[in-house]
Amino acid sequence: MGIEEYGGGQGPRPDVLIVTTNDIPGYRVTEVLGEVFGLTVRSRHVGSQIGAGLKSLVGGELKGLTKTLVETRNQAMERLVEQARARGANGVLAFRFDVSEAADVGTEVCAYGTAVILARE
């Protein structure tokens, strides 16, 4: 598994700029559109659970679970971007992830932030 499989985030020059900060140097917020989020729930794969159980006996990274979580976070972020675009936003401020267990059958990942319209200063 290469490094590209462990990351996420935006590529260069995105049409919806997403940041974890409350403002962006060089931009001003002209309109706040409100909260947007992207949500996904992934069930655990039985094979990866068995492999993770065995790996936990000897220690080390659980690569299969890491890859699944990266994919899940990326999907949640893509859904957030789709919702922001649909509302006319070109930016999302105060971006965060929330991860929790979903009824002991999977992992819930929610990407959320504040959709805004940005203008260059």
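Residues numbered from 1 in each chain as written. Predicted model: local features only at pLDDT ≥ 70, side-chain atom pairs only at ≥ 80, totals over all residues. Heavy atoms only, no water.

Colleague: Explain the confidence of the model for the protein here, please?
Modeller: Atomic detail in the predicted coordinates should be set aside for any region of low pLDDT. With 82% of its residues at a pLDDT of at least 70, the protein reaches an overall mean of 85. Across the protein, the secondary-structure element scoring lowest on mean pLDDT is helix H1 (residues 46–58), at 55, and the one scoring highest is strand S1 (residues 17–18), at 96. (pLDDT = per-residue confidence, 0-100. Helix = DSSP H or I, 4+ residues; strand = E, 2+ residues; numbered from the N terminus.)

Colleague: Explain unusual backbone geometry to me, please; I cannot follow it from the model alone.
Modeller: In terms of backbone geometry, most residues other than glycine have negative phi values and most peptide bonds are trans. Phi at Arg13 is positive, roughly 55 degrees, even though this residue is not glycine. Mapped onto the secondary structure, Arg13 falls in the segment before S1. Take Arg13: its relative accessible area is 81%, and that puts it in the exposed class. In this model, Ala94 sits at a positive phi of 55 degrees, which is unusual for a non-glycine residue. Examined against the element boundaries, Ala94 turns out to sit in strand S3 (residues 91–102). (Buried < 20%, exposed > 50% of the residue type's maximum accessible area, 1.4 Å probe, protein only.)

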